[in-house]
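Coordinate inspection notes
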Amino acid sequence: MTRRLTGLKPTGHLQLGNLLGAIRPLVGGQRETGSELLTAAPSPAVQGTGRGVTESVIMIVDLHALTIEHDPQRVRDLTVEHARLMLAAGVDPDVTTMYVQSHLSEHAQLHYLLECATGFGEARRMIQFKEKSTGPDPVRLSLLTYPVLMAADILLHDTEEVPVGDDQTQHLELARDVAYRFNTRYGQTFTVPRAVTPAFAARIMDLAEPTAKMGKTNAVTAGVIGLLDRPDVVRRKVMRAVTDTRNIVRRDPDRQPGVTNLLEIYVACTGDRREFASYGELKTAVADAVIAVLEPIQRRFAALTPGEVLSVLHDGAKQARPRAQATLERATEAIGLIKAA
Ligand code: AMP
């Protein structure tokens, strides 16, 4: 059994990029074999044979949301919204463990132990820290140590595989280094994880600025399609998507990033690689395709009560706790602390 872990940070509303790049490959991979996991969008769940089966763990990483300026009520609301959307998008709590990071105190405890095995220079070198700490906002210490908490999240579950985008590669490398160092110094304690990239996971760009990745947002943004956007809003955003004046519908990420992005969204939503005669035809087809993908998700989202969602999260934490406790205990003893009586 291979275990893979996905974390979702409740810092903004989930958007189409999250769905096509992360959530759908994850949902499609539930109960599938490792090799099948590295293929396209959802396919029917395959009952595991016990050989090469992948188990997914999803965490809503609320502690990570505190590393930047945040509104407390908003973090709480987004935590539940993320979990509710994951369920609406097809996460099956019978096969996938989903819980809220802060519900297992083992994350914070292991974080501290790993800080004792991480160099200050190592943390300071992280590109994301460098980028985020140069802005006008005051920088929190937790922003510096955030990759170490991420390492704790991963190592706590003996995770073998972590699906990562480009932006997280360096953080995963740090988790691997820390795990390896800890094992070498204090004895075999952690599974060293590896990064995986789902082969056909789409990289969706902002519709208004197609050279930038579509990202979570808290505001109404023309270039970002929220998973809860109404059909008329989706259509308006797609029809206003930035293209170019070439009037040729073809994939050319360098010269035609907007058109290429629309084609990518179309293929990711439908699995169909048809051709289009004009930008208008392409946009109409993309709008229809996105609306068709979002409709059942929004319907299931509306039918789920917050109580049901909280109950799934509660059960998920209960399920994840024994493994987290066992890993923490191993690390605690290995690093030189005595067990509480
Ligand atoms: P984030 O929203 O940055 O916390 O990312 C959560 C997950 O969604 C990660 O696995 C990302 O790689 C994926 N993701 C986020 N935005 C996009 C995008 N525009 N295209 C594809 N995948 C994305």
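Residues numbered from 1 in each chain as written. Predicted model: local features only at pLDDT ≥ 70, side-chain atom pairs only at ≥ 80, totals over all residues. Heavy atoms only, no water.

The next point concerns the pairing of strand E1 (residues 2-8). Across the seven residues of E1, six count as buried, placing the element largely inside the fold. Here E1 runs beside strand E2 (residues 54-60); their pairing, made up of seven bridges, is parallel. The residue bridging Leu-5 from the neighbouring strand is Val-57, located in E2. (Buried < 20%, exposed > 50% of the residue type's maximum accessible area, 1.4 Å probe, protein only. Helix = DSSP H or I, 4+ residues; strand = E, 2+ residues; numbered from the N terminus. Pairing = 2+ DSSP bridges.)

Attention now goes to the site of the ligand. Looking at the ligand, the residues that line it are Gln-15, Gly-17, Asn-18, Gly-21, Ala-22, Ala-202, Arg-203, Ile-204, Lys-213, Met-214 and Lys-216. The contact in question runs from a nitrogen atom of the ligand to an N or O atom on the side chain of Gln-15, over 3.2 Å. Residue Ile-204 places a main-chain N or O atom 2.7 Å away from a nitrogen atom belonging to the ligand. With the chains in place, 80% of the 480 Å² that the ligand exposes on its own is no longer accessible. Residue classes in the shell around the ligand are distributed as four nonpolar, four polar and three charged. (Near = heavy atom within 4 Å. Polar contact = N/O pair within 3.5 Å; in protein donor to acceptor, adjacent residues only side chain to side chain. Areas by Shrake-Rupley, 256 points an atom, 1.4 Å probe, with all protein chains shown as cover. Nonpolar A, V, L, I, M, F, W, Y, C, P; charged D, E, K, R; others polar.)

All told, the structure shown has three aromatic pairs when counted by the stated rule. Arranged with centres 5.1 Å apart and planes meeting at 90 degrees, the rings of Tyr-266 and Phe-276 form a pair that is edge-to-face. With a gap of 10 residues between them, Tyr-266 in helix H11 (residues 257-270) and Phe-276 in the loop between H11 and helix H12 (279-303) connect regions that are remote in the sequence. Accessibility assignment for this pair places Tyr-266 and Phe-276 in one class, buried. Put simply, the rings of Phe-182, Tyr-186 and Phe-190 touch in pairs and so form one group of aromatic residues. Stacked on the ring of Phe-301, the Lys or Arg Arg-84 has its end atom at 3.9 Å from the ring centre. (Phe/Tyr/Trp six-rings, centres within 6.5 Å; stacked < 30°, edge-to-face > 60°. Lys NZ or Arg CZ within 6 Å of the ring centre and 35° of its normal.)

To continue, consider the packing of helix H5 (residues 106-115) against helix H8 (residues 141-156). Packing of H5 against H8 leaves a shortest axis separation of 8 Å and a crossing angle of 115 degrees. In the packing of H5 onto H8, the handedness of the crossing is right-handed. In this structure, H5 uses Glu-106, His-107, Leu-110, His-111, Leu-114 and Glu-115 to contact H8, whose residues at the interface are Thr-145, Val-148, Leu-149, Ala-151, Ala-152, Asp-153, Leu-155 and Leu-156. Class assignment of the residues belonging to the contact of H5 with H8 gives a composition of eight nonpolar, three polar and three charged. (Axes fitted to C-alpha atoms, helices over the stretch in contact; angles between N-to-C directions. Left-handed = near helix turned anticlockwise from the far one by under 90°. Contact = heavy atoms within 4.5 Å.)

Here we take up the domain arrangement of the chain. Each domain of the chain was delimited in the assignment, giving domain 1 (2-201 + 305-335) and domain 2 (216-301). On a C-alpha basis, the centres of domain 1 and domain 2 stand 29 Å from each other. On the side of domain 2, 17 residues touch domain 1, which itself brings 21 residues to the contact. Here domain 1 packs against domain 2, burying approximately 1700 Å² in sum over the two surfaces, 65% of which is carbon and sulfur. In terms of surface lost to domain 2, no three residues of domain 1 exceed Leu-16, Leu-85 and Ala-88, which account for 31% of the buried area on that side. For the pair domain 1 and domain 2, the number of links is zero salt bridges. Where domain 1 touches domain 2, the interface holds six residue pairs in polar contact (both at pLDDT 80 or more). Contributions of two or more residues to the side of domain 1 that touches domain 2 are made by helix H1 (16-29) and helix H4 (72-88). Per-element accounting of the side of domain 1 that touches domain 2 gives the leading share, seven residues, to H4. When grouped by side-chain class, the residues that make up the side of domain 1 that touches domain 2 number 10 nonpolar, six polar and five charged. (Domains from an automatic or database assignment. Buried area = accessible area lost by both parts, 1.4 Å probe. Salt bridge = Lys/Arg side-chain N within 4 Å of Asp/Glu carboxyl O.)

On to the side chain of His-111. Looking at where His-111 falls in the secondary structure, it is placed in helix H5. A relative accessible area of 14% means that His-111 is categorised as buried. Ignoring any residue separated from it by four or fewer positions in sequence, one finds His-111 in contact with Thr-145, Val-148, Leu-149 and Ala-152.

Take the pairing of E2 next. Burial analysis of E2 places seven of its seven residues in the buried class, which makes it a mostly covered element. Side-chain alternation along E2 places Thr-54, Ser-56, Ile-58 and Ile-60 on one buried face and Glu-55, Val-57 and Met-59 on a second face that is also buried. Across four bridges, the pairing between E2 and strand E3 (residues 97-100) is parallel. By the bridge assignment, Val-57 is partnered in E3 with Thr-97.

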